[in-house]
Amino acid sequence: MRLRRYCTPKALFVSYLLLVLIFRIFMVSDFRVFAGFTGGPDDDLMVRDASSLIAHDWLGPFDKYTLAKGITFPVYLTVMNKFGIPFLLSNVFLEFAACVTFVMVMRKLIPNRFWLAVLYTILMFNPMATYYWTFNRVYRDSIYSYLVIFLFSCIISLFLNRYGSLLKTVWLSACSGFFLAAVWLAREDSPWVLPFVIAALLITALGICFNKKAVQKIKRLLALALVPGILILSILLVSIINEHDYGYFGTNEFTSGSLPLLIKELSIIKPDVWNPRVPIPKSTREKAYAVSPTFAKIKGQLENNHAMMETKGNPTCDIFVWILLDSVQNAGMRNASSTQKFYKQSAEEIQKAIREGKLQTRGGYITIFESPWDNRYIGPLFKALGETVHMTVFMEDHLHQKLGAVNVHSIGPADRIRTLERVTNNLAYNSAEPIPPQQKVDFFNKLASVYKFLNPAATVLAVAAYLYIFVRFLISIRTKKYIFFSEWIILTGLWMSYLVRMLLLSYSDVGTNFMLYPMYLAPGYWLIVMFNFSSLFIAGRSLWEIGQNHFRFGNIKHKDIKNEYNSTYGEFD
């Protein structure tokens, strides 16, 4: 009797969640971290920034890479280091927290513990969670998807609880703002989440304003303002610290300051010959040198840079930016204020030449990371979009293989690898150390094959289920019942966010460089699974209930029964 009292459905559900977590922790015990210390702005920079933060030296001495990337991941590494939590273990805990958060948020739409447990299991064993580029590699993409899941979950919960308690609205708004800031400061291309966040906040605000049941409307709207407010405060905080340490007010040089302005002015100069992935070819630079004395000062460093010579003077957009940073530093500008002054003066001189008609220009500039838009991109863009959708739906990598789990040797000097181990509290394999066969790693590879087999069919059914939900919602509008309104809004948000991410990476691929790597597409592998399961359950439950009631009522035309059915499920012919 006493045991039965404790074996409640809720207790069993929580126990299952924890058992899966324990199993995941046990199964990753064979993994080791890895990083490639090649002197570039990727793994090197993340570990270097974290080492400086651990030593209470912010981002360390200024150089060409110091302000190149976001601060979220180095801060994450620092926190884990201070608490003595191994990097791989902390990644599993972060995945667990993100998955549980989404599952708990979806309780209102999936009010069944068994199916919530199924959703949780599917998420926890997503192959992207153990793919070596997003799990054991010490880089920002190892946590980026989880931050996105947290953000989307908090925003969805805020929308679903728009008529709930004011205190809950404040709490959810604060959490949403925190994770929006974390996502924003993690990657430079994070504005892709803004359509989802802005649309959700606007719909939530309109619901509060126009619903008669909502109380304390002004306070609720002010609570929603916490979301952008915390983001702005976070950006200001990082910018103020950078101003204090480096004389640069901004989060990083790629998203603020004068570097994006200079890249824009260079990109819109019409080249002699159009090259889809080279927005600033040699012909464009020669025209810029002729009108900008400031920009011409680095001509020698820029044109003789080894990376420039390897590309025969026509580097892709992303490589050109790194060459520019390198050349500016080699020209003697070794602090943030002098580099920003150089970028600004160069941009202003090019702008003046454009206004005076000395340079022909083209439109279509989007961001620092892509070439200006040209209609000749349309065909390649749709082809690349199809490839990204194929990869994420079939759970494949860029080589059309399953998302494999594997241990990889770290590359670089022994002292850098030791620093990596010290920062992450995890062991790493050096180049001379053999990697033994590992059954636990093989388990995840076999599981990846299952996802690769099942997810395409699930996606097709989920899209059909979404269309069914949409049609039911449209039909209910004429009766003013608005069934599936919340479900349709949430599913549309997940699906459109998935497509926005895929489209952004597809354009980067055709207009910059090859970008169809799973680590860049990582949020898409999660969003598609979240969309698939939610859509299938909502539509399946609706059809099941309709079938049950149709069988129960038969051809009975009793007015009371029909009215009761329609008031619950909407009109059904």
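The sections below set out a description of the structure shown in this document.

Definitions and limits used
Residues numbered from 1 in each chain as written. Predicted model: local features only at pLDDT ≥ 70, side-chain atom pairs only at ≥ 80, totals over all residues. Heavy atoms only, no water. Helix = DSSP H or I, 4+ residues; strand = E, 2+ residues; numbered from the N terminus. Buried < 20%, exposed > 50% of the residue type's maximum accessible area, 1.4 Å probe, protein only. Contact = heavy atoms within 4.5 Å. Areas by Shrake-Rupley, 256 points an atom, 1.4 Å probe, with all protein chains shown as cover. Lys, Arg positive; Asp, Glu negative; His and termini not counted. Charge placed at Lys NZ, Arg CZ, Asp CG, Glu CD. Phe/Tyr/Trp six-rings, centres within 6.5 Å; stacked < 30°, edge-to-face > 60°. Lys NZ or Arg CZ within 6 Å of the ring centre and 35° of its normal. 1 Å grid on protein atoms, 1.4 Å probe; cavity = no way out; pocket = protein on both sides within 12 Å on 5 of 7 lines; lining within 4 Å. Points joined across faces, edges and corners; volume = space filled by probe spheres on them. Nonpolar A, V, L, I, M, F, W, Y, C, P; charged D, E, K, R; others polar. Axes fitted to C-alpha atoms, helices over the stretch in contact; angles between N-to-C directions. Parallel < 35°, antiparallel > 145°, perpendicular 65-115°, else oblique. Left-handed = near helix turned anticlockwise from the far one by under 90°. Polar contact = N/O pair within 3.5 Å; in protein donor to acceptor, adjacent residues only side chain to side chain. Core = buried A, V, L, I, M, F, W, Y, C linked by side-chain atoms within 4.5 Å.

**Comments concerning the overall build of the protein**
- Looking only at helices and strands, the protein features 24 helices and zero strands.
- Once the C-alpha set of the protein is aligned to its principal axes, its extents read approximately 90 × 60 × 45 Å.
- Classification of the 573 residues of the protein by burial places 54% in the buried group.
- In the protein, of all internal contacts separated by at least 6 residues, the share reaching a separation of at least 24 is 76%.
- Counting every atom, the protein has about 26,100 Å² of accessible surface; 65% of that belongs to carbon and sulfur.
- Across the protein, 58 positive and 40 negative side-chain charges occur, with their mean positions spaced 11 Å apart.

**Here we look at the packing of aromatic side chains**
- Evaluated as defined, the whole model comprises 39 aromatic pairs.
- Aromatic side chains Y65 and W322 sit 5.6 Å apart centroid to centroid with 75 degrees between the ring planes, which places their arrangement in the edge-to-face category. Note that Y65 is positioned in the loop between α3 (43-54) and α4 (72-83) and W322 in helix α17 (residues 317-330), a separation of 257 residues in sequence.
- Given the relative accessible area of 14%, Y65 is considered buried.
- Judged by its relative accessible area of 22%, W322 is partly exposed.
- Ring plane angle 20 degrees and centroid distance 5.3 Å describe the contact between F470 and W488, whose orientation is recorded as stacked. Here W488 lies in helix α22 (residues 485-511) and F470 lies in helix α21 (residues 439-477), a separation of 18 residues in the sequence.
- For F470, a relative accessible area of 27% puts it in the partly exposed group.
- One residue, R137, lies across the ring of Y139, its end atom 4.5 Å from the ring centre.
- Residue placement shows R162 over the ring face of F159; its charged tip is 4.2 Å from the ring centre.

**Quick word on empty space enclosed by the protein**
- All told, the structure shown has four cavities of 30 Å³ or more when counted by the stated rule.
- Empty space within the largest cavity amounts to approximately 60 Å³.
- Residue lining of the largest cavity: F62, D63, K64, E253, L325, V328, Q329, M333, T339 and Y343, and that is the complete set.
- At the level of secondary structure, the elements contributing two or more residues to the lining of the largest cavity comprise α17 and α18 (336-355).
- No other element matches α17, which puts three residues into the lining of the largest cavity.
- Of the residues assigned to the lining of the largest cavity, the class counts are five nonpolar, two polar and three charged.
- The space that makes up the second largest cavity amounts to roughly 50 Å³.
- Along the walls of the second largest cavity sit D49, W58, L59, T66, L67, K69, G70, I71, V238, N242 and T251, which together make up its complete lining.
- When the residues that make up the lining of the second largest cavity are grouped by side-chain class, the tally is five nonpolar, four polar and two charged.

**Describing the packing of helix α5 (residues 87-105) against helix α6 (residues 113-124)**
- Running from N to C, α5 and α6 cross one another at 150 degrees; their axes reach a closest spacing of 10 Å. Between α5 and α6, the angle is such that the two are roughly antiparallel. For the pair α5 and α6, the crossing hand works out as right-handed. Side by side, α5 and α6 meet where E95, F96, C99, V100, F102 and V103 of the first sit next to L116, L119, Y120, L123 and M124 of the second.
- In the contact of α5 with α6, the residues fall into ten nonpolar, no polar and one charged.

**Brief notes about unusual backbone geometry**
- For K312, which is not glycine, the phi dihedral falls at a positive 55 degrees.
- The class of K312 is exposed, set by a relative accessible area of 73%.
- Of note in this structure, H400 is not a glycine but carries a positive phi near 60 degrees.
- Tracing the backbone shows H400 in the loop between α19 (378-393) and α20 (414-424).
- Overall, the relative accessible area of 36% leaves H400 in the partly exposed class.

**Describing the side chain of S292**
- For S292, the position within the fold is in the loop between α13 (282-291) and α14 (293-296).
- Only 3.1 Å separates the side chain of S292 from the backbone nitrogen of F295, close enough to count as a polar contact.
- With near-sequence residues (within four places) excluded, S292 lies in contact with S346, E349 and I350.

**A closer look at the nonpolar core**
- Core analysis: the largest hydrophobic core is formed by 130 residues, its most contacted members being Y120, L123, L151, F152 and W526.
- Ranked by size, the runner-up nonpolar core spans 29 residues in total, among them L262, L302, M308 and I368.

**Side note on the packing of helix α7 (residues 141-160) against helix α8 (residues 166-184)**
- Close contact between α7 and α8 brings their axes to 9 Å; oriented N to C, the two are set at 155 degrees. It follows that α7 is roughly antiparallel to α8 by the angle criterion. The chirality of how α7 crosses α8 is left-handed. Facing α7, whose interface residues are Y144, L147, V148, F150, L151, C154, I155, S157 and L158, α8 presents T169, L172, S173, C175, S176, F179, L180, A182 and V183.
- Among the residues forming the contact of α7 with α8, the class breakdown is 14 nonpolar, four polar and no charged.

As far as function goes, none of this settles anything; it's purely spatial.
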